[in-house]
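Spelled out, the chains give:
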Amino acid sequence: MIKPIHVTSEIGKLDVVMLKRPGAEVENFTPEMMPRLLFDDIPYLPIAQKEHDNFADTLRDNGVEVLYLEKLVVEALDAGGSDVKAAFLDKMLVESGYAAGMIHHVLEDYLTSMTTTEMVVKIMAGVRKNELDFVPRDLVSAAEEKDYPFFMDPMPNLYFTRDPAASLGDGLSINNMTFPARQRESFFMETIINYHPRFANQGLHVWRDRDQPGRIEGGDELVLSDTVIAIGVSERTSAHAIEDIARRLFEHKSGFEKVLAIRIPHNHAMMHLDTVFTMINHDQFTVHPGILGEGGQIDTWTITEDNDGELHVDHHLDLKQVLKDVLSLDDIDLIPTGGGDPLIADREQWNDGSNTLAIAPGVVVTYNRNYVSNQVLRDHGLKVLEVLSSELSRGRGGPRCMSMPLVREDL
Ligand SMILES: NC(=[NH2+])NCCC[C@H](N)C(=O)O
């Protein structure tokens, strides 16, 4: 029987995916808050929602079952019962900065008075101070946050469901995320896995949970085959976390025998490996030329387990050669974003031109605005399904970032 989470490649036919339709959270902030919330602009919500529906419809039209994050969280909490719901809220408040004290109690009362759906939507959208008839008298509010408009910050990055967790084989990593703006997000996935009837007690593995030290995010985790995973050493994922997850995958007989660590520049435009490199067919990849040095070189390490159960690390520089070796292929087609023109490559990468979502071998979903890269993909024989992208792209993420595959067919 296929498990409710089963992903052994980046390209196997996508059967089930989890998305988050953008809600009030994507516009519930000021320009001043943008850098901290990891946004470069404030999307116009009705259009962002229309574009997201277009993305979901494109997936459904191609035989993908679409599940929505908010709905799964609500169903998980309702299935868990009132104790689970109370514990969920308590932990969410602790992680929002209120371990104890008046604000904790006031927010608890406020959110508990709501239906489960209202509560979940509200936590995601953020709680403004002016919603409550309450004047805080604590030191933090008085001394440090006097003019700050929120008790609980919005979580605008939730529509990038790729990052808080990653499906790896019959399990997942639930991630300890890098920046405070996103750290609470992975708690939703943990709740779903523990309490949602579709996922709880189904023999799924959590290879690494969100309480582990070392940062890791799903945009850096690529399942190249049923035995090889690639992970970016990036702004968001540390080498420490990569070694840790490698150990756990090997130890628990996950089926994965090799981890490929690829070091990419550490900056906002390329925050994850999947913003510069994605797998789109058995032997085809998108790559942003900007990450490759002289002669296509890039620091890459293969991590395997030696006979004593210790990690064995080998350094390589030739990405193409490493990919050929780990995938046992004679040749590899690395398709440059923007067709290799450095100006177009940078522009289209900025709007996630390298961030393609494969829904079957050789079939990809991309943003329509990256028309040069899309044509290059077609020239390389791929089937390209374009989706609307004017507002969604303002969050700095594309179709791969906006989707968390739960089940793919094996190759
Ligand atoms: N898998 C991805 N590339 N996700 C993109 C996430 C973008 C989001 N604004 C962030 O900075 O976290």
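Please refer to the structure placed before this passage.
Definitions and cut-offs
- Residues numbered from 1 in each chain as written.
- Predicted model: local features only at pLDDT ≥ 70, side-chain atom pairs only at ≥ 80, totals over all residues.
- Heavy atoms only, no water.
- Helix = DSSP H or I, 4+ residues; strand = E, 2+ residues; numbered from the N terminus.
- Rg over C-alpha atoms; globule rule 2.2 N^0.38 Å.
- Buried < 20%, exposed > 50% of the residue type's maximum accessible area, 1.4 Å probe, protein only.
- Salt bridge = Lys/Arg side-chain N within 4 Å of Asp/Glu carboxyl O.
- Patch = residues over 30% accessible without salt bridge, like charges linked within 9 Å, V, L, I, M, F, W, Y side chains within 5 Å.
- Areas by Shrake-Rupley, 256 points an atom, 1.4 Å probe, with all protein chains shown as cover.
- Lys, Arg positive; Asp, Glu negative; His and termini not counted.
- Charge placed at Lys NZ, Arg CZ, Asp CG, Glu CD.
- Near = heavy atom within 4 Å.
- Polar contact = N/O pair within 3.5 Å; in protein donor to acceptor, adjacent residues only side chain to side chain.
- 1 Å grid on protein atoms, 1.4 Å probe; cavity = no way out; pocket = protein on both sides within 12 Å on 5 of 7 lines; lining within 4 Å.
- Sits in = over half its atoms within 2 Å of the grid points.
- Nonpolar A, V, L, I, M, F, W, Y, C, P; charged D, E, K, R; others polar.
- Phe/Tyr/Trp six-rings, centres within 6.5 Å; stacked < 30°, edge-to-face > 60°.
- Lys NZ or Arg CZ within 6 Å of the ring centre and 35° of its normal.
- Pairing = 2+ DSSP bridges.
- Axes fitted to C-alpha atoms, helices over the stretch in contact; angles between N-to-C directions.
- Contact = heavy atoms within 4.5 Å.

Q: I tried to follow the overall build of the protein chain on my own but got confused; where do I start?
A: Summing up its helical and strand segments, the protein chain has 13 helices and 19 strands in all. Over its C-alpha atoms the protein chain spans a radius of gyration of 21 Å, differing by no more than 12% from the 22 Å that the globule rule assigns to 411 residues. Taken along the three principal axes of its C-alpha coordinates, the protein chain extends 65 × 50 × 40 Å. Going through the 411 residues of the protein chain one by one, you find that 58% of them count as buried.

Q: For this particular structure, what's the right way to read the pattern of salt bridges?
A: Two side chains of opposite charge can pair, provided their charged atoms sit close to one another. Under the counting rule described, the total for this entry stands at 23 salt bridges. Taking the shortest distance from any N to any O, the salt bridge between Glu95 and Lys91 comes out at 3.7 Å. Of this pair, Glu95 and Lys91 both sit in helix 4 (residues 82–95), 4 residues apart, which is roughly one turn of that helix. The exposure class assigned to Glu95 is partly exposed, which follows from its relative accessible area of 31%. Taking the relative accessible area as the measure of exposure, Lys91 reaches 29% and is therefore partly exposed. In this structure, Glu235 engages Arg236 in a salt bridge whose closest nitrogen and oxygen atoms are separated by 2.8 Å. On the basis of relative accessibility, which here comes to 19%, the residue Glu235 falls in the buried class. Overall, the relative accessible area of 2% leaves Arg236 in the buried class. Each of the salt bridges in this network shares a partner with another, and the network as a whole consists of Glu10, Asp274 and Arg400.

Q: Explain a negative patch on the surface here, please?
A: A grouping of Asp226, Glu257, Glu409 and Asp410 is seen on the molecular surface, where their side chains present a negatively charged patch. Take Asp410: it is sitting in the segment after strand 19 (404–408). For Asp410, a relative accessible area of 46% corresponds to the partly exposed category.

Q: Any chance you could explain the site of the ligand here in plain terms?
A: In the vicinity of the ligand, 15 residues are found, and the nearest of them are Asn157, Asp163, Arg236, Asp274 and Gly395. Between the ligand and the protein, one listed contact pairs a nitrogen atom with a side-chain N or O atom of His272 at 3.0 Å. Between the ligand and the protein, one listed contact pairs a nitrogen atom with a backbone N or O atom of Gly395 at 2.8 Å. In the complex, the protein chains occlude 100% of the 350 Å² of accessible area that the ligand would expose alone. Of all the cavities here, the one that holds the ligand is the second largest cavity. Of the residues in the shell around the ligand, the class split is 4 nonpolar, 5 polar and 6 charged.

Q: Teacher, can you tell me more about unusual backbone geometry here?
A: Note: most residues except glycine have negative phi, and most peptide bonds are trans. Phi is positive for Asn201, which is not a glycine, with a value near 55°. Look at Asp352: it is not a glycine, yet its phi comes out positive at around 65°. Tracing the backbone through its elements, the reader meets Asp352 in the loop between helix 12 (342–350) and strand 16 (357–360).

Q: Would you mind showing me how to read the packing of aromatic side chains here?
A: How two aromatic rings sit relative to each other is given by the distance of their centres and the angle of their planes. Inspection of every chain in the model, using the stated rule, returns 8 aromatic pairs. Between Phe88 and Phe187, the ring centres sit 5.2 Å apart and the planes meet at 15°, which makes this aromatic pair stacked. Of this pair, Phe88 sits in helix 4 while Phe187 sits in helix 9 (residues 185–195), and the two are 99 residues apart along the sequence. We classify Phe88 as buried; its relative accessible area is 2%. Arranged with centres 5.2 Å apart and planes meeting at 10°, the rings of Phe277 and Phe285 form a pair that is stacked. Comparing Phe277 with Phe285 shows no difference in burial state: the two are buried. Through a chain of ring-to-ring contacts, the aromatic side chains of Phe29, Phe39, Tyr159 and Phe160 assemble into a single cluster. For Arg396, the ring lying beneath its charged end belongs to Trp350, and the centroid distance is 3.7 Å.

Q: Would you mind showing me how to read the sheet that holds strand 19 here?
A: Hydrogen bonds between backbone atoms are what pair the strands of a sheet, whose relative direction is either parallel or antiparallel. Spatially, the 3 strands line up as an open sheet ordered 2-1-19, and their pairing is mixed. On the outer flanks of this sheet lie strand 2 (65–68) and strand 19, each paired with one strand and no other. Between one strand axis and the next, the sheet turns through 20° on average, direction left out of account. Of the strands in this sheet, strand 1 (14–19) and strand 2 are in contact with helix 3 (residues 69–80), which crosses strand 2 at around 65°.

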